[in-house]
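# Notes for the structure review
If you want the building blocks of each chain, they are given just below.
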Amino acid sequence: MHLHTVYSDSTYTPEELMREAKCAGLSAVAIVDHDTVEGISPVEAAAKKIDIEVIPGIELTAQHQGKEVHLLGYLIDYQKKGLREKLDSLWRIRVERVHKIAGKLKALGLNLEAEEVFALAKNATVGRLHIARIMVNKGMVSSTSEAFRKYIGEDCPAYVLGFRLSVLEATQLIQDLGGIAVLAHPYSLNNNYLIPEFVDYGIEGLEAYYPEHTPAMTNLYLDLAQKFNLVVTGGSDCHGQTKPGAKIGSVKIPYALVEKLKERKEK
Ligand code: AMP
Ligand code: ZN
Ligand code: FE
Ligand code: FE
């Protein structure tokens, strides 16, 4: 329920992703690329041939009190009129941000041009994982995770926040598309007290099952979901070759949770 494609920052094409999904034994998948829906139709076409159900989704980046917050939008009407224009404006902000991060890296003596990052990302929603891959290619770091740890991760010297949507706006955008807004990888908030606030904004679910969540964290999010009447989701957050630790199928959830998500949408 949490997969990326080359339309954002995974290395997998829709065809490769669906081949891997079949191998992993998945009956349903959700495509949630960062700030784009361009990958959904191609994945649907690839999935049809091998009988895998595709849940259309998106992972929107919002910001709250100086921190990045990722919101998953499930079962969205991704063909809704006007959506493309809205997402284009988010993409332009990402392009700006890459220029800013490249500027900071240059100031640190690391010679990386924004144009190199755009050439790698092509038409994808460009982000830090593309920057990290260029840094690996140029020998500046030995892995993408080192790039995040030393330079472009939160609280690192070349980090730039700079996203446009608030959590409320991102939630409302998902609701406008008829979708269910779910807080992605809640551990990354580092502050569970924000969850009730986000529920007030309209989020309706928590991604309790996630590779970085310990069993204790998962149990806590399951309890919180019950307390606030939220749906529960989970997934690997697979990004293809760039994040070897998050293989597709490494986090599986029962299909009953997908049914709960659909029931929630019908309410
Ligand atoms: P951005 O959208 O540019 O803020 O980049 C966010 C994406 O960067 C996440 O969805 C991950 O794909 C990736 N990412 C974030 N932190 C790390 C990390 N520590 N190691 C590897 N990838 C990361
Ligand atoms: Zn990503
Ligand atoms: Fe995320
Ligand atoms: Fe993700």
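As a reminder, the structure under discussion sits directly above these lines.
Presented here is an overview of the structure given in this document.

Distances from the iron ion (ligand 3) to its protein donors, Glu59 (OE), His70 (ND1) and His185 (NE2), fall at 2.1 to 2.2 Å. Between the iron ion (ligand 3) and the zinc ion (ligand 2), a spacing of 5.8 Å is present. With Glu59 in strand E2 (residues 53-64) and His185 in the loop between strand E4 (180-183) and helix H8 (194-201), the pair connects residues that are 126 residues apart, well separated along the chain. Across the pair, His185 and Glu59 agree in class, each one buried.

Contacts to ligand 1 come from 13 residues, most closely from His34, Glu68, Arg97, Arg128 and His239. Within the side chain of Glu68, an N or O atom sits 3.0 Å from an oxygen atom of ligand 1. Protein chains bury 82% of the 500 Å² of accessible surface belonging to ligand 1 in isolation. More than half of the atoms of ligand 1 fall within 2 Å of the grid points belonging to the largest pocket. The set of elements that each furnish at least two residues to the shell around ligand 1 consists of strand E3 (67-74), helix H3 (83-107) and helix H5 (128-137).

Let's shift gears to unusual backbone geometry. Of note, the phi angle at Gln65 is positive, near 45°, even though the residue is not glycine. Here Gln65 shows up in the loop between E2 and E3.

Here we come to the nonpolar core. With 64 residues, the main nonpolar core has Met18, Val29, Leu60, Leu71, Tyr74, Leu183 and Leu206 as its most contacted residues. Per-element accounting of this core gives the leading share, five residues, to E2. Setting aside residues up to four positions removed in sequence, Met18 forms contacts with Val29, Val43, Ala46, Ala47, Ile50 and Ile52. Core analysis: the next-biggest nonpolar cluster, separate from the first, contains 24 residues, Val98, Phe118, Ala121 and Tyr151 among them.

Rules of the game
- Residues numbered from 1 in each chain as written.
- Chains lettered and ligands numbered in written order.
- Predicted model: local features only at pLDDT ≥ 70, side-chain atom pairs only at ≥ 80, totals over all residues.
- Heavy atoms only, no water.
- Donors = N, O, S within 2.8 Å, 3.2 Å for Na, K, Ca; no water.
- Helix = DSSP H or I, 4+ residues; strand = E, 2+ residues; numbered from the N terminus.
- Buried < 20%, exposed > 50% of the residue type's maximum accessible area, 1.4 Å probe, protein only.
- Near = heavy atom within 4 Å.
- Polar contact = N/O pair within 3.5 Å; in protein donor to acceptor, adjacent residues only side chain to side chain.
- Areas by Shrake-Rupley, 256 points an atom, 1.4 Å probe, with all protein chains shown as cover.
- 1 Å grid on protein atoms, 1.4 Å probe; cavity = no way out; pocket = protein on both sides within 12 Å on 5 of 7 lines; lining within 4 Å.
- Sits in = over half its atoms within 2 Å of the grid points.
- Core = buried A, V, L, I, M, F, W, Y, C linked by side-chain atoms within 4.5 Å.
- Contact = heavy atoms within 4.5 Å.

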